[in-house]
Amino acid sequence: MFPASFDYHAPTTVPEALRLLAENGPDAKLLAGGHSLLPAMKLRLLEPGCLVDIGRIPELRGIRREGQTLVIGAATLHADIATSDVVRQAAPGLATAASLIGDVQVRNRGTIGGSAAHDDPAADYPVILTALDASFMLVSSAGARTVASGDFFLDYFTTALSDLEIITEVRIPGAAASVTSAYAKLEHPASGFLVVSAGVRIERGADGRCRTARIAIGGLGGRPFRATAVESALAGHALTPAAIAAAAALAADGSDPDGDAYAPAEYRRHMATVYVQRALEAAL
Ligand SMILES: Cc1cc2nc3c(=O)[nH]c(=O)nc-3n(C[C@H](O)[C@H](O)[C@H](O)COP(=O)(O)OP(=O)(O)OC[C@H]3O[C@@H](n4cnc5c(N)ncnc54)[C@H](O)[C@@H]3O)c2cc1C
């Protein structure tokens, strides 16, 4: 199928992109990797009259450390995140999540900002970025603001982003030797998107015990589900296999997932316990 016709702009700076968004109003859409937007346009689910391609803005790409914060440009490709030594060291769970997205072609076009903005409930980044306590730098002609992942991912395909804002950076705190992370995913056999997945971030004290844990689960609703019961069960405890298994058993506590023909709600809840345990074991 072909999309409806549209104007195409390829700015090379963020201010230029913001100006195009402001001039064209709700008729404009940002284009990053196009791997979610273009299928929606071909199906005529979206018919923007103006595409603003942000793929040629150098300042939106790249991965760097600022002290203990990992900073990733919004237009950085999944493939670059999956293979980055900096990401593998600072946030290994993020590198794993990126490596499990789609196939080689998708990973070489799709971007972290595009995936976050699209906010598919079956996408990988919302889950791991919630576990990592990431925040998003949002810029508009009115200024910039930072939004924490817990306030950014709101519901199915719904974020805190306005039509006039661009995600410029994803910021991940706590890149320290005492902090580790992991991601584990049950893929749908046909699409490769997640059925259930778990992202975990563990901070250990000098005695090796868990100081803090952040656990996010995908596939249990319209936004990543924070498994606070698991977090509380782990905090302050030695991370033995028995303690991990007991904590992981609480993964779906308080969740109320929607089921579907492939994965009924009870199956999702059970898989949540399995994949939280796998992610914790991988992290440790
Ligand atoms: C075959 C296939 C398999 C896939 N498998 C997976 C998978 O297993 N897991 C997974 O998570 N995803 C998967 N995806 C989705 C893929 O990761 C997309 O790349 C991603 O969802 C969107 O990123 P994009 O850069 O392509 O964004 P685009 O499609 O260009 O844009 C998506 C939306 O985000 C907006 N946008 C883009 N960039 C910004 C920005 N910087 N600031 C504000 N708004 C912005 C756009 O306006 C648009 O509304 C798959 C896609 C395909 C086609």
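Residues numbered from 1 in each chain as written. Predicted model: local features only at pLDDT ≥ 70, side-chain atom pairs only at ≥ 80, totals over all residues.

Asks: Please set out the site of the ligand residue by residue, giving values where relevant.
Replies: Taken together, 30 residues lie around the ligand, and G33, G102, G110, G113 and G114 are the ones closest in. Only β2 (28-31), α7 (112-118) and β10 (166-172) provide two or more residues apiece to the shell around the ligand. A per-element tally of the shell around the ligand places α7 first, with 5 residues. Taken together, the residues of the shell around the ligand sort by class into 15 nonpolar, 12 polar and 3 charged. (Near = placed C-beta within 6 Å. Helix = DSSP H or I, 4+ residues; strand = E, 2+ residues; numbered from the N terminus. Nonpolar A, V, L, I, M, F, W, Y, C, P; charged D, E, K, R; others polar.)

Asks: Lay out the sheet that holds strand β3 (residues 50-53) in plain terms, naming residues and giving numbers.
Replies: Pairing is parallel across the open sheet formed by 3 strands, whose spatial order is β1-β3-β2. Looking at the sheet topology across the chains shown, the edges are occupied by β1 (7-9) and β2. For this sheet, the mean inter-axis angle between neighbouring strands, taken without regard to orientation, is 25 degrees. Summarising the sheet, β2 and β3 pair through 4 bridges and their orientation is parallel. Bridge pairing in β3 places L31 opposite D53. Relative to the sheet, helix α1 (residues 14-24) contacts β1, β2 and β3, its axis offset from that of β3 by approximately 170 degrees. (Pairing = 2+ DSSP bridges. Axes fitted to C-alpha atoms, helices over the stretch in contact; angles between N-to-C directions. Contact = placed C-beta atoms within 7 Å.)

Asks: Report on the environment of D151, specifying residues and quantitative values.
Replies: The residue D151 is located in helix α9 (residues 149-152) in this model. The class for D151 is exposed, based on 12 C-beta atoms found within 10 Å. With 21 residues separating them along the chain, D151 and T130 place their C-alpha atoms 9.7 Å apart. (Buried ≥ 20, exposed ≤ 12 C-beta atoms within 10 Å, placed from the backbone.)

Asks: Quick rundown of the packing of helix α11 (residues 241-248) against helix α12 (residues 265-283)? Include the residues and the values.
Replies: Closest axis-to-axis distance for the α11/α12 pair is 8 Å, and the angle between their directions is 145 degrees. Both α11 and α12 take part in a crossing whose hand is right-handed. Contacts between α11 and α12 involve I244, A245 and A248 from the former and T273, V276, Q277, L280 and E281 from the latter. For the contact of α11 with α12, the residue count by class is 5 nonpolar, 2 polar and 1 charged. (Left-handed = near helix turned anticlockwise from the far one by under 90°.)

Asks: Provide a residue-level description of the domain arrangement of the protein, including the pertinent values.
Replies: With domains assigned, the protein is organised as domain 1 (7-53), domain 2 (58-172) and domain 3 (179-283). Taking only C-alpha atoms into account, the centre of domain 1 sits 36 Å from that of domain 3. (Domains from an automatic or database assignment.)

Asks: Kindly report on the pairing of β10, identifying the contributing residues and their values.
Replies: By the criterion of burial, β10 is predominantly enclosed, with 6 of the 7 residues buried. Looking at chain direction, strand β6 (residues 135-140) and β10 are connected through 5 bridges and run antiparallel. Looking at β10, one finds that V139 is bridged to I166.

Asks: Pulling in residues and values, what's your account of the nonpolar core?
Replies: Counting residues in hydrophobic clusters, the biggest one holds 82 residues, and the most contacted among them are I217, V230 and V276. Considering each element in turn, this core owes the most residues, 7 residues, to α12. Beyond its immediate stretch of four places on either side in the chain, V276 contacts A198, I215, I217, A227, V230, A248 and A251. (Core = buried A, V, L, I, M, F, W, Y, C linked by C-beta atoms within 7 Å.)

Asks: Describe the sheet that holds strand β14 (residues 225-226), with residues and values.
Replies: Read across the open sheet, the 4 strands follow the order β11-β12-β13-β14; overall the sheet is antiparallel. At either end of the open sheet lies a strand with only one pairing partner, and these are β11 (179-187) and β14. Pairing of β11 with strand β12 (residues 194-204), which is carried by 9 bridges, proceeds in the antiparallel orientation. Within the sheet, the bridge partner assigned to E187 lies in β12 and is L194. Against the sheet, helix α5 (residues 92-99) makes contact with β11 and β12, and its axis sits at roughly 20 degrees relative to β11, the strand it touches most. Its contacts with the sheet put α12 on β11, β12 and β13 (210-218), and the angle it makes with β12 is roughly 40 degrees.

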